[in-house]
Amino acid sequence: MTTALLVAAFLMGFFGSPHCLGMCGGIVTAFGLSMKDTSPAKKRGLVATYHFGRLLSYALLGLIAGVIGTTVLTPLMVGNNTPRILLGLVLAFVGLTMLGLPFLNKLERLGMHFWQALAPLRKKVFPLNTFPRALMAGLLWGFLPCGLVYGALLIAVVGHSPLTGAGLMFVFGLGTIPMLVATHETVSWMRNHIGRLRLRQVNGVIMVLSGLAVIFVPIVMASMHGGHGGHGHGGHGHEQMTHEGMNHEGMNHEGMNHEGMNHEEMNHEEMNHEEMNHEEMNHEEMNHEH
């Protein structure tokens, strides 16, 4: 399940990045203008550094989300199907957001207040001409309010562990990199193909179906298995019979009148064969004819 979640997180970042390019594209442009006087080789290093910083921020947020999930939700989920159902609901919810439903708009507006509070720190990273500044710029960039990021964080909450949450968010960030590091021509090509083929919507549908499958497939399988369970031998009371404690050598089977025995009235479930001492039973004196 963790591998499937990692793949879902990467595809979510990749197919969702054209939608976020409007806001993140402005940041990339600002960073590029601040590095115009640096050499091409150093510029590539600075770009890699601030993207690495952004992924570290995502991983930190995922770690926090995972801690919240394990400390708050896990005690409520012990011994029941709540973790699986909650994961399915989150996947379906995130899939619906990728289809364009504005569930997380209010959360984005709330995050914008925090982003504005970081303005003094953001100004200090310019010009982006050193690697420490590039790293700090990327770390701050990770807190840019984005519904897609918040959707990925919901998956991290139900990822069952803080490390899983951090890994999910890091992989999600990796999925966004191709769109943000591509040249203008490549960006246009990627946006056109992703938009024309509706790959974002396709991925949203896949996530919705995956969430529903996580919820309902085990229920259907359990009901099908339960329907056949009543035909097994477990209902015949053999589990309570202990044949090891039975002394078959001392039993006189020849003298037993099996024809006169009423087997329908015999309660085999209440017979404790372990406590029966067949050696002391004198079957020859038993008058089975009566």
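Worth saying up front: this structure is predicted, and the values here are computed from it rather than measured.

Turning our eyes to something else, we now look at the overall build of the protein. Across its full length, the protein carries 10 helices and zero strands. Each helix and strand of the protein, placed in order from N terminus to C terminus, yields the pattern α-α-α-α-α-α-α-α-α-α. Counting across all 290 residues of the protein, residues that qualify as buried make up 36%. Taking contacts inside the protein between residues at least 6 apart in sequence as the whole, the part at least 24 apart equals 83%. As displayed, the protein has an accessible area near 17400 Å², and 64% of this comes from carbon and sulfur atoms.

A few words now on the nonpolar core. Within soluble globular proteins, side chains that are nonpolar generally end up buried alongside one another. Met12, Leu128, Trp141, Ile155, Met169 and Phe172 are the most contacted members of the largest nonpolar core, which has 49 residues in total. Elements supplying a minimum of two residues to this core: α1 (2-34), α2 (40-73), α3 (82-98), α6 (131-141), α7 (147-157), α8 (162-181), α9 (184-196) and α10 (199-229). Among the elements that line this core, the one with the most residues is α1, at nine residues. With residues up to four places along the chain from it excluded, the contact list for Phe172 reads Ala9, Met12, Gly13, Tyr58, Leu148, Val149 and Ala152.

Here we come to the environment of Leu140. Here Leu140 lies in helix α6. Note on Leu140: relative accessible area 7%, which makes it buried. If sequence neighbours within four positions are ignored, Leu140 has contacts with Ser57, Trp115, Leu118, Leu121, Arg122 and Val125.

Let's shift gears to the environment of Val158. You can see Val158 is positioned in the loop between α7 and α8. Once the C-alpha coordinates of Val158 and Val90 are considered, the two residues, 68 residues apart in sequence, prove to be 8.0 Å apart. If near-sequence neighbours (up to four positions away) are discounted, Val158 is found in contact with Leu86, Leu87 and Val90.

With respect to the secondary-structure elements, Arg191 resides in helix α9. For the pair Arg191 and His19, spaced 172 residues apart in sequence, the C-alpha to C-alpha distance is 9.1 Å. Those residues in contact with Arg191 that lie beyond four places of it in its chain are Pro18, Leu21 and Met179.

A few words now on the confidence of the model for the protein. Residues at a pLDDT of 70 or more form 75% of the protein, whose mean pLDDT is 78. Ranking the elements of the protein by mean pLDDT puts α9 last, at 76, and α6 first, at 95. Within the model, the stretch residues 230-290 combines pLDDT values under 50 with 35 contacts to residues more than four positions away or in other chains.

What follows concerns the packing of aromatic side chains. Counted according to the given criterion, the structure contains eight aromatic pairs. Pairing Phe31 with Trp141 gives two aromatic rings, centres 5.9 Å apart and planes at 85°, and the pair type is edge-to-face. With a gap of 110 residues between them, Phe31 in helix α1 and Trp141 in helix α6 connect regions that are remote in the sequence. Comparing Phe31 with Trp141, the two get one shared label, buried. Seen from the ring of Trp141, Arg54 lies directly overhead, with NZ or CZ sitting 4.8 Å from the centre.

Here is what the cut-offs are and how they apply
Residues numbered from 1 in each chain as written. Predicted model: local features only at pLDDT ≥ 70, side-chain atom pairs only at ≥ 80, totals over all residues. Heavy atoms only, no water. Helix = DSSP H or I, 4+ residues; strand = E, 2+ residues; numbered from the N terminus. Buried < 20%, exposed > 50% of the residue type's maximum accessible area, 1.4 Å probe, protein only. Contact = heavy atoms within 4.5 Å. Areas by Shrake-Rupley, 256 points an atom, 1.4 Å probe, with all protein chains shown as cover. Core = buried A, V, L, I, M, F, W, Y, C linked by side-chain atoms within 4.5 Å. pLDDT = per-residue confidence, 0-100. Phe/Tyr/Trp six-rings, centres within 6.5 Å; stacked < 30°, edge-to-face > 60°. Lys NZ or Arg CZ within 6 Å of the ring centre and 35° of its normal.

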